[in-house]
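Residue-level structure breakdown
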Amino acid sequence: MPVVTLSSDSHPLSREIAVRAATALGYDCVDREILKSVAERHGVPETDLHKALEESPSPFGISSKNHARYLAYIEEAVLAVLLKDNVVCHGLAAHLYVRGISHVLKIRILADPQKLAGEISSGKTPSFEKASALLKNRERFRRRWSLDAYRVDETDPSVYDMVISLTRIDPDEAVKSIVETTRYRKFKPMTYSLKCLKDKALAGKVRVALIDRFPDVRVQADGSSVVVQTKALEREKQKRTEAIRKLAGEIPEVAAVEVQILPDIFRKAAESFR
């Protein structure tokens, strides 16, 4: 059976559909309750993890460095759960970091616009014009957030395998559609897709091990081999390579580490003006 990720423009609605679909499928439901254990493990405030999922980096809010770090912590924890299979996941942006894995069914749930506008305006019933403005602002905000975080526009329907609008379809029918679609043979877990998910999970684990010291680090995994990319000045290459190999090599699943050091042209240019 496939893993199911649910995304929605309404978090309460996403949670309702996710819980009901998980119950119907006999799956576990993974949501933001996982953030408590993530916060405890990494010694960061749980509220900051929630902010990372809701806010883009800004001078007056969460910094770019912390935004990337907190999302890396969340991603690692979620991928570890998805490896167990039989999971419905929502509210954790998983649809953005499991792209390309064929046995993950990615679903977008769209709330009724009028109800969503009321939710955004704290239960009030706004005028048509105000509702339209609220919804457009919400969509722009989520597009910006997803592009900042994962370079993917989560409001783009092509990101998903199925988009369900609840304007005319009720939640019961939405749940039935999700359950029926999980039986579609193209979402059946295959050896290659399972390997891809396992590789993503290992890459996430290595990235978390490195990101505090190397915030710009990128990691790819293939089996037990990992490739790590980071930027550095020429004089830093050897020391940084050794540090990365040591940290990544401490992870039991890692057998080989390739480090690719890219030139840090901005720091080099800045030093040339000193």
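Below is a summary of the structure that appears in this document. Starting from 1, residues in each chain are numbered consecutively following that chain's sequence as written. Local features in this predicted model are restricted to residues of pLDDT 70 or higher, and side-chain atom pairs are both shown and tallied only at a pLDDT of 80 or more, whereas totals for entire chains, interfaces and linings draw on every residue. Side-chain metrics in this entry use all non-hydrogen atoms of the structure; hydrogen atoms and water are not considered.

Lining residues are defined by having an atom within 4 Å of a point belonging to a cavity or pocket. Those points lie on a 1 Å grid over the protein atoms alone, cavities being sets where a 1.4 Å probe fits but cannot get out and pockets being open sets with protein on both sides within 12 Å along at least five of seven lines. Grid points are joined across faces, edges and corners, and a volume is the space filled by probe spheres set on the points. The volume enclosed by the largest pocket comes to roughly 1,300 Å³. What lines the largest pocket is a set of 42 residues, and nearest its centre among them are Ala 149, Tyr 150, Arg 207, Val 217 and Arg 218. Numbering of helices and strands runs from the N terminus, with a helix taken as a DSSP run of H or I at least four residues long and a strand as a DSSP run of E at least two residues long. When residues of the lining of the largest pocket are traced back to their parent elements, those giving at least two are α4 (64–82), α5 (94–97), α7 (128–150), α9 (191–211), β6 (218–222), β7 (225–232) and β8 (256–263). Considering each element in turn, the lining of the largest pocket owes the most residues, 10 residues, to α4. Each residue is assigned to one class: nonpolar for Ala, Val, Leu, Ile, Met, Phe, Trp, Tyr, Cys and Pro, charged for Asp, Glu, Lys and Arg, and polar for all the others, Gly among them. Among the residues forming the lining of the largest pocket, the class breakdown is 21 nonpolar, 8 polar and 13 charged.

Quick reminder: α-helices carry 3.6 residues per turn. Residues three or four places apart thus point the same way. Working rule for helices: expected span equals 1.5 Å times residues minus one. Between its terminal C-alpha atoms α9 stretches 30 Å, which fits the 30 Å expected from 21 residues at 1.5 Å a residue. Only protein chains enter the accessibility calculation, which uses a 1.4 Å probe; a residue whose area is less than 20% of its type maximum is buried, one above 50% is exposed, and one in between is partly exposed. Here α9 has its buried residues at Ser 193, Cys 196, Leu 197, Asp 199, Ala 201, Leu 202, Ala 203, Gly 204, Val 206, Val 208, Leu 210 and Ile 211. Here a residue-residue contact requires only that any non-hydrogen atoms of the pair lie within 4.5 Å. Its buried side turned inward, α9 meets α2 (34–42), α4, β6, β7 and α10 (237–249).

At least two bridges found by DSSP between two strands is the condition for calling them paired. Spatial strand order, β6-β7-β8: 3 strands in an open sheet with mixed pairing. Strand pairing shows two members of the sheet lacking a second neighbour, β6 and β8, which therefore form its edges. On average, each strand axis in the sheet is tilted by 20° relative to the strand beside it, whichever way the strands run. The pairing of β7 with β8 spans 8 bridges and is parallel. Between N-to-C directions, angles span 0 to 180 degrees; the directions come from axes that are lines fitted to C-alpha atoms, helices contributing only their stretch in contact.

We now examine the sheet that holds strand β1 (residues 3–8). An order of β2-β3-β1-β4-β5 is seen for the 5 strands of this open sheet, with the pairing classed as parallel. Strand pairing shows two members of the sheet lacking a second neighbour, β2 (28–30) and β5 (162–165), which therefore form its edges. Between one strand axis and the next, the sheet turns by 20° as a mean value, whatever way the strands run. Here strand β4 (residues 104–110) runs beside β5; their pairing, made up of 4 bridges, is parallel. Of the residues in β5, the one forming a bridge with Ile 107 is Met 162. Its contacts with the sheet place helix α8 (residues 171–181) against β1, β4 and β5, and it is angled at close to 165° to β5.

Paired rings are identified among Phe, Tyr and Trp, the last through its six-membered ring, by centres lying within 6.5 Å, and are further divided according to the angle between planes into stacked (under 30 degrees), edge-to-face (over 60) and tilted (the rest). As enumerated under the stated definition, the model contains 4 aromatic pairs in all. Here the aromatic rings of Tyr 97 and Tyr 150 are separated by 5.6 Å at their centres, their planes lie at 40°, and the arrangement is tilted. With Tyr 97 in helix α5 and Tyr 150 in helix α7, the pair connects residues that are 53 residues apart, well separated along the chain. An identical accessibility class is assigned to Tyr 97 and Tyr 150; each is buried. Ring-pair connections join several aromatic residues into one group, and the members of that group are Tyr 97, Trp 145 and Tyr 150. To sit over a ring, a charge needs its Lys NZ or Arg CZ within 6 Å of the ring centre and within 35 degrees of the ring normal. In this arrangement the basic side chain of Arg 142 is found over the ring face of Trp 145, its NZ or CZ atom lying 4.5 Å from the centre.

The next thing to look at is the nonpolar core. We define a nonpolar core as any set of buried Ala, Val, Leu, Ile, Met, Phe, Trp, Tyr and Cys residues linked to one another through side-chain atoms lying within 4.5 Å. Counting residues in each nonpolar core, the largest one holds 41 residues, and the members touching the most others are Ile 74, Leu 82, Leu 92 and Tyr 97. Those elements that place two or more of their residues in this core are α2, α3 (46–54), α4, β3 (87–90), α5, α7 and α9. Among residues more than four places away in sequence, those in contact with Leu 82 are Val 3, Val 87, Cys 89, Ala 94, Val 98 and Leu 197. Counting residues in hydrophobic clusters, the runner-up holds 23 residues, among them Leu 6, Leu 25, Ile 107 and Ala 111.

Of the two faces of β3, the one carrying Val 87 and Cys 89 and the one carrying Val 88 and His 90 are both buried. Looking at chain direction, β1 and β3 are connected through 3 bridges and run parallel. Across the sheet, the residue bridging to Leu 6 is His 90, located in β3. Taken together, the 3 bridges between β2 and β3 define a ladder with parallel strand orientation. Bridge pairing in β3 places Cys 29 opposite Val 88.

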